[in-house]
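Residues per chain are reported as follows:
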Amino acid sequence: MTANARWQDVIAGNLAAASVPGFKRQEISFASIADAVSGAASRPMLRATAVTSFRPGELRPTGSPTDVALEGDGFFTIRLPDGSEAYTRDGEWHVNAEGVLVTKQGFPVLGETGPIQLDRDTSAPLTIGADGQIRQGAENKGALRIMAFNDPRLLTSASGGCFLARDPKLAGGPVATPLVRQGFLEGANTSAVMEMAGLLSAMRAFEASQRIVQAQDERMGRAIQEIANPV
C-alpha cells in the first residue's frame, strides 16, 4: 500500500507539470525487498522507486524569438538565486527590465561567459542560431551554455522542471554541436491522458492491497476470538 501510495504521488506530480515545456516525467519501478523483523524471519516488501525519463518531448512552434528548444541531448544552464547552477529543457524565456534573458521564474539564462545581456533599446531582431549563438542585428551577444552529462539519471530533480548536478559520479561538459531551434518549445514528455490512465491503475492496485489487509485483519480477529473462547 505504501508503494502504491508513492505511485499515486508520482502521477500527481506528472499531472501537475504536464503543461510545463521541457518537463521530464517521473516513472515508477517496483522491487521486492526483504524486511528484517527482529525475532522473526525476513518478509518480502514492495519498494517503489521514481526515476526520470529523459525521452524528448514533441517540439511545437510558438513564433516568439525568445522561445528556444533543444533537439537531441543537452540542457540549458540557468542561475538560481543562491548562485548555483541548474539545468533545464524549458526554453520559455523573456527579457527582463535590465535586458537580461531570464526564465519565466526570473532566473538568468547563462551563456559561455555569464548571463545573456541584451539591448532593450534596439529594434534589431533577436536571432538564436542552431549552434546557440545569440545576435541582435549584427551584434554578437554570446552563446548559450548547453551542457550534457554522462548519466542524466543521476541529476537531482528540482521544482520548475529544473535539475541539479549534485551527484559526485556525474561528469558533464558543454555540448560540442548543439541543435537549438528558435521560436519553438519542447513539450513535456507526458500527457494528462496518459497520467490519468496510470492513476486509475494505481488506485485499483491500492484498493486491492487494502482489501487484502482487511481480509487478513478479519482472520486475525476471528483467530483471537477463538483462542479467547475455546470450545
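Here we summarise the structure given alongside this text. (Residues numbered from 1 in each chain as written. Predicted model: local features only at pLDDT ≥ 70, side-chain atom pairs only at ≥ 80, totals over all residues. Heavy atoms only, no water.)

### Some words on the sheet that holds strand β11 (residues 126–128)
Then step 1. Strand order in this open sheet of three strands is β11-β12-β13, and the pairing throughout is antiparallel. Two strands in the sheet have a free side with no partner beyond their single neighbour: β11 and β13 (139–143). Shown here is a sheet whose adjacent strand axes are inclined to one another by a mean of 20 degrees, direction ignored.
Then step 2. By the bridge criterion, four bridges tie strand β12 (residues 133–136) to β13 in an arrangement that is antiparallel. Within the sheet, the bridge partner assigned to I134 lies in β13 and is G142. (Pairing = 2+ DSSP bridges. Helix = DSSP H or I, 4+ residues; strand = E, 2+ residues; numbered from the N terminus. Axes fitted to C-alpha atoms, helices over the stretch in contact; angles between N-to-C directions.)

### So, the environment of S157
Then step 1. Take S157: it is sitting in strand β15 (residues 156–157).
Then step 2. The exposure class assigned to S157 is partly exposed, which follows from its relative accessible area of 44%.
Then step 3. Considered as a pair, S157 and T88 are 69 residues apart in the sequence and their alpha carbons are 9.9 Å apart.
Then step 4. Leaving out residues up to four positions away in the same chain, S157 has contacts with Q26, C162 and F163. (Buried < 20%, exposed > 50% of the residue type's maximum accessible area, 1.4 Å probe, protein only. Contact = heavy atoms within 4.5 Å.)

### Some details on the side chain of N14
Then step 1. Of note, N14 is situated in helix α1 (residues 2–16).
Then step 2. Its relative accessible area of 1% is what places N14 among the buried residues.
Then step 3. When residues no more than four places from it in sequence are discounted, the contact partners of N14 are F23, R25, Q26, T190 and E195.

Fair warning: the whole summary comes from geometry, so function is off the table for now.
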